[in-house]
Amino acid sequence: MRNVFRADLRDMQFVLWEQLLTEQRILCSQVFQDFDRPVIDDILGRARGFACKELGTRYQSSDREGCQLLPDGRVRLPSGYDAAWAAYRDMGWGRIGLPADAGGLGLPYVVTMPVQEMFCGANPGFTTLSGFCPPLFYLLRRFGSPALQALFSDNLAGNRWTACLCMTEPSAGTDVGSITSRATPRDDGTYSIRGTKIFISAGSHELAENIVYVVLARADGSPPGTLGLSCFLVPRYRIGAAGGIAGDNHVRCVRLEEKMGLHGCPTAQLAFGEDGDCIGYLLGERANLGLQQLRLMMNQARIATGIYALGLASSAYLNAAEYAAERIQGCDYRQIFNPRAPRLPIVAHADVRRMLLEMKCKVEGCRALIYRLAFHATQCQIMESGQPHDPSEKQRHEGLVNLLTPIAKAYTSDQAWRIAELAIQVHGGYGYTRDYPVEQYARDVKILSIWEGTNYIQAVDLIRDKLGMGSNPRLLRLYVAEIEAFLADPGTPRDEFHAKLNDAVSCLARTVDDIGGLVRAKKMEVVLFYATRFLGMMATVTIAWLLLEAAVVARRAVAAIAADHPDAAFYRGKILSAQFFFGQFLPTVFADGTLIADGEDSPLSADLAIFLERTTG
Ligand SMILES: Cc1cc2nc3c(=O)[nH]c(=O)nc-3n(C[C@H](O)[C@H](O)[C@H](O)COP(=O)(O)OP(=O)(O)OC[C@H]3O[C@@H](n4cnc5c(N)ncnc54)[C@H](O)[C@@H]3O)c2cc1C
């Protein structure tokens, strides 16, 4: 079993320690006094070891083997998953971020990012198996009664049980309000659940003693649409008085989806209550709050989707870089007519370096974006732990988390698909074969722009819910203030990048105004048409900001070390990442701003008839 996973631990540490100053800004808090930089670096080193040894070695084999629904209704996972799972559970990787009172290690959330990045990048199929345990743990803490917490929380925290989110149905994907699964009250306060859910990740397997399904369903008598949905916790096996397993709860896996990728994850169609009474527990004290409650879990899942994308894209990039250093093909362009000219590794060719630089700067930008988001979430974590704090500071951190979440989910997943495609291109024909992992990265990464709300839904969330359709710029003001503070910092040199970023931020702010204008002119459909473009525009400004921030740190660092210092190339690379992004991608912001201001709207007049196949002349 060959490990194909590659991790840029140096860049992860750079973002944590040098860019975000996690030591000075997070570890100094009393809440995290048990941790220091050497302890955390040690954990990250171990996580990398685990990712390479237990997960990366099973990445390709789990894709080839896939999951299988057996005639008796059980699901067989790829070989070796049971051993990897036992190691994962027993080493406590699933609870590193959970609080100590739940048996967790209590690591700051931001520090769990690199660990998640490495696990998701090394084997995303495997990682889905435990993915919903921490979000459900927190969901229970927030909304679950003490009795419900006692039933589920410890087992979830210890990964003895796993969790799945069950929203999607055959006729209810994006349109969640069309969910038809039903919940009928029983005399003891529980509910009988009936319905079919499709596409459920890690929906059925035998690794854990029990699986807790978080089912969105409609209680009898509830109104139609999203306002009539409630959240039920449905165990695969019933739970006895002492908390142990007490028989079948009539949840059946009726099919495993045949997918393009992510073959190491069993994606299940589940039937609830088809062949007997299926008992579910209502979350919270009353029905019809399901979507509101699940928002917490879905936001975490959206950040996690960004992390999957980052881990896979980073490994695809590093595989491509390695290949480009080894593959000998062609000669220096100046010796093209000399048959005896020495053959060179393809990294010597400008076009290959172009592809590698695009991958590199986008991976690093997405890493900085997600870790920064997690940094603000960690600041909230500190303030919520009872530390004295300024409430407006808490609002600032919360606001930035909310604003950056749809950007992190959508931009990172879109770019990961692009990066995987470029990684194939760098490999040439070999990239299209299964001899190298990059075709698998492309297949595995595609789902990330679709699940947890398609990327269009993220774009609408950004424009409508976060920016109030251009008329509630509170979060935009926060965001602009962050960038302005960075630009005004005496440590940030006034140079061409400074000016370009400044112009791009102004252009973004004007575009938000333009969107407000379109809304006031009742051109809502034009706004929705431009939502995806706007998200890309805002993401591009954000990545430029964070790459420049990194470059400023790197410039200072490289000036302080000798040219042959082992870190010199790394820092030069950080500066070049920013230069390349500013040169090649930031200019698109101005074109996007012009397009939106002009309001070109040809798709609005496109009706179905122009799209369909024509079979007659
Ligand atoms: C591998 C895999 C794993 C998954 N895991 C889970 C899971 O664990 N739990 C779970 O509940 N679900 C899961 N899903 C389901 C996933 O969340 C849905 O596929 C997703 O929400 C999109 O729904 P849909 O497939 O029905 O597409 P549709 O809703 O039919 O969308 C099709 C296209 O139309 C667009 N569209 C739809 N409605 C609108 C609109 N109103 N305006 C503009 N455009 C629109 C969409 O953006 C998309 O481009 C998974 C799916 C897959 C493939």
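Residues numbered from 1 in each chain as written. Predicted model: local features only at pLDDT ≥ 70, side-chain atom pairs only at ≥ 80, totals over all residues. Heavy atoms only, no water.

A.B. asks: Help me understand the overall build of the protein, please; the structure alone is not making it clear to me.
C.D. replies: For the protein, the helix and strand inventory stands at 19 helices and twelve strands. For the protein, whose C-alpha radius of gyration is 25 Å, the value lies close to the compact-globule estimate of 25 Å for 617 residues. Reported as C-alpha extents along the three principal axes, the dimensions of the protein are approximately 80 × 75 × 60 Å. Across the 617 residues in the protein, those meeting the buried criterion constitute 56%. In the protein, the share of contacts with a sequence separation of at least 24, taken over all contacts with a separation of at least 6, comes to 75%. For the protein, the computed accessible surface area is about 26,000 Å², with 53% contributed by carbon and sulfur atoms. (Helix = DSSP H or I, 4+ residues; strand = E, 2+ residues; numbered from the N terminus. Rg over C-alpha atoms; globule rule 2.2 N^0.38 Å. Buried < 20%, exposed > 50% of the residue type's maximum accessible area, 1.4 Å probe, protein only. Contact = heavy atoms within 4.5 Å. Areas by Shrake-Rupley, 256 points an atom, 1.4 Å probe, with all protein chains shown as cover.)

A.B. asks: Please clarify how the site of the ligand should be interpreted in this entry.
C.D. replies: In the vicinity of the ligand lie 17 residues, with Leu165, Thr168, Thr174, Phe199 and Ser201 positioned nearest. Serine 201 places a side-chain nitrogen or oxygen 2.8 Å from a nitrogen atom of the ligand. Taking threonine 454, its side chain carries an N or O atom lying 2.9 Å from an oxygen atom of the ligand. Protein chains bury 61% of the 970 Å² of accessible surface belonging to the ligand in isolation. Secondary structure elements with two or more residues in the shell around the ligand: β3 (161-166) and β5 (191-201). Per-element tally for the shell around the ligand: the top contributor is β5, with three residues. Here the residues of the shell around the ligand sort into nine nonpolar, six polar and two charged. (Near = heavy atom within 4 Å. Polar contact = N/O pair within 3.5 Å; in protein donor to acceptor, adjacent residues only side chain to side chain. Nonpolar A, V, L, I, M, F, W, Y, C, P; charged D, E, K, R; others polar.)

A.B. asks: Whenever I open this one, the packing of helix α8 (residues 133-143) against helix α9 (residues 146-157) confuses me. Can you help?
C.D. replies: The packing of two helices is summarised by the inter-axis angle and the distance between the axes. Orientation of α8 relative to α9, taken along the N-to-C sense of each, is 155 degrees, at an axis distance of 9 Å. It follows that α8 is roughly antiparallel to α9 by the angle criterion. Both α8 and α9 take part in a crossing whose hand is left-handed. Contacts between α8 and α9 involve Cys133, Leu136, Phe137, Leu140 and Arg141 from the former and Leu148, Gln149, Phe152, Ser153, Leu156 and Ala157 from the latter. Classifying every residue of the contact of α8 with α9 gives eight nonpolar, two polar and one charged. (Axes fitted to C-alpha atoms, helices over the stretch in contact; angles between N-to-C directions. Parallel < 35°, antiparallel > 145°, perpendicular 65-115°, else oblique. Left-handed = near helix turned anticlockwise from the far one by under 90°.)

A.B. asks: What is the right way to read α9 from this model?
C.D. replies: Side chains of residues three or four places apart in an α-helix project in the same direction, reflecting 3.6 residues per turn. The end-to-end C-alpha separation of α9 is 15 Å, in line with the 16 Å expected for twelve residues at 1.5 Å each. Burial in α9 covers these residues: Leu148, Phe152, Ser153, Asn155, Leu156 and Ala157. On its buried face, α9 sits against α8, β3, β6 (210-219), β7 (229-235), β8 (237-239) and β12 (279-282). With its phi angle positive at about 55 degrees, asparagine 159 sits one or two positions after the end of α9. (Expected span 1.5 Å × (residues − 1).)

A.B. asks: Where do I start with the packing of helix α11 (residues 350-384) against helix α12 (residues 391-427) in this structure?
C.D. replies: Packing of α11 against α12 brings their axes to within 8 Å, and their N-to-C directions diverge by 155 degrees. When the axis of α11 is compared with that of α12, the two are roughly antiparallel. As α11 packs across α12, the resulting crossing turns out to be left-handed. Across the contact of α11 with α12, the residue classes break down as 22 nonpolar, seven polar and eight charged.

A.B. asks: Looking at this structure, how should I read the nonpolar core?
C.D. replies: A general feature of soluble globular proteins is that nonpolar side chains tend to end up buried together. Ranked by internal contacts, the top residues of the largest apolar core, which has 176 residues, are Tyr213, Phe272, Met359, Tyr479, Leu501, Phe534 and Met538. The element that contributes the greatest number of residues to this core is helix α17 (residues 524-559), accounting for 22 residues. (Core = buried A, V, L, I, M, F, W, Y, C linked by side-chain atoms within 4.5 Å.)

A.B. asks: Explanation requested: the pattern of salt bridges in the structure shown.
C.D. replies: A complete count under the given rule lists 43 salt bridges for this structure. Across the pair arginine 10 and aspartate 567 runs a salt bridge whose closest N-O atoms are separated by 3.0 Å. Linking arginine 10 in helix α1 (residues 9-19) with aspartate 567 in the loop between α17 and α18 (568-584), this pair joins segments that are 557 residues apart in sequence. The closest approach of N and O atoms between aspartate 72 and arginine 74, which form a salt bridge, is 2.8 Å. On the accessibility criterion, arginine 74 (38% relative accessible area) is partly exposed. A single salt-bridge network, built from bridges that share partners, covers Asp11, Glu117, Lys360, Glu364, Arg367 and Lys574. (Salt bridge = Lys/Arg side-chain N within 4 Å of Asp/Glu carboxyl O.)

A.B. asks: Explain the state of the cysteines to me, please; I cannot follow it from the model alone.
C.D. replies: The term disulfide refers to a covalent linkage connecting the sulfur atoms of a pair of cysteines. With the rule as written, the count across this model stands at zero disulfides. A disulfide-free cysteine, cysteine 166 has its sulfur positioned 5.6 Å from the sulfur of cysteine 164, the nearest such atom. Relative accessible area serves as the criterion here: at 0%, cysteine 166 is assigned to the buried category. You can see cysteine 231 has no disulfide; the closest cysteine sulfur is in cysteine 166, sitting 9.9 Å from it. Residue classification places cysteine 231 among the buried positions, given a relative accessible area of 0%. (Disulfide = S-S within 2.5 Å.)

A.B. asks: How do you make sense of the side chain of glutamate 439 when you look at a structure like this?
C.D. replies: Mapped onto the elements, glutamate 439 comes out in helix α13 (residues 438-445). Beyond its immediate stretch of four places on either side in the chain, glutamate 439 contacts Arg64, Ile424, Gly431, Thr433 and Arg434.

A.B. asks: Whenever I open this one, the pairing of β12 confuses me. Can you help?
C.D. replies: The side chains of a regular strand alternate between both faces of the sheet. By the alternation rule, side chains of β12 split into Ile279 and Tyr281 and Gly280 and Leu282, which are all buried. As paired strands, β7 and β12 are joined by two bridges and run antiparallel to one another. Across the sheet, residue phenylalanine 232 finds its bridge partner in β12, namely leucine 282. (Pairing = 2+ DSSP bridges.)

A.B. asks: Teacher, can you tell me more about helix α15 (residues 474-488) here?
C.D. replies: In this model α15 runs 21 Å from its N-terminal to its C-terminal C-alpha over 15 residues, within 8% of the 21 Å that 1.5 Å per residue would give. Of all the positions in α15, only Leu475, Leu476, Leu478, Tyr479, Val480, Glu482, Ile483, Phe486 and Leu487 are classed as buried. On its buried face, α15 is in contact with α11, α12, α14 (455-466), α16 (496-520) and α17.

A.B. asks: Would you mind showing me how to read the environment of asparagine 502 here?
C.D. replies: Relative to the elements of secondary structure, asparagine 502 occurs in helix α16. Separated by 156 residues in sequence, asparagine 502 and isoleucine 346 have C-alpha atoms that sit 37 Å apart.

A.B. asks: Could you clarify how one ought to interpret a nonpolar patch on the surface in this entry?
C.D. replies: A cluster of nonpolar residues, Leu608, Ile610, Phe611 and Leu612, forms a patch on the protein surface that exposes about 450 Å² of accessible area. Here leucine 608 shows up in the segment after α19 (588-598). Since its relative accessible area comes to 58%, leucine 608 is described here as exposed. (Patch = residues over 30% accessible without salt bridge, like charges linked within 9 Å, V, L, I, M, F, W, Y side chains within 5 Å.)

A.B. asks: What is the right way to read the packing of aromatic side chains from this model?
C.D. replies: In this description, an aromatic ring pair is defined by two values, namely the gap between the centres and the angle between the planes. If you walk through the whole model with that rule in mind, you get 26 aromatic pairs. Ring geometry for tyrosine 81 versus phenylalanine 126: centroids 5.4 Å apart, planes at 85 degrees, classification edge-to-face. In this pair, tyrosine 81 sits in helix α5 (residues 81-90) while phenylalanine 126 sits in helix α7 (residues 124-131), placing the two residues 45 residues apart along the sequence. Residue classification places phenylalanine 126 among the buried positions, given a relative accessible area of 2%. Aromatic side chains tyrosine 88 and phenylalanine 119 sit 6.1 Å apart centroid to centroid with 65 degrees between the ring planes, which places their arrangement in the edge-to-face category. Linking tyrosine 88 in helix α5 with phenylalanine 119 in helix α6 (residues 109-122), this pair joins segments that are 31 residues apart in sequence. Across this residue pair, the class does not change: tyrosine 88 and phenylalanine 119 are buried. An aromatic cluster is defined as three or more aromatic residues linked by ring pairs; in this entry it consists of Phe50, Tyr81, Trp85, Tyr88, Trp93, Phe119 and Phe126. (Phe/Tyr/Trp six-rings, centres within 6.5 Å; stacked < 30°, edge-to-face > 60°.)

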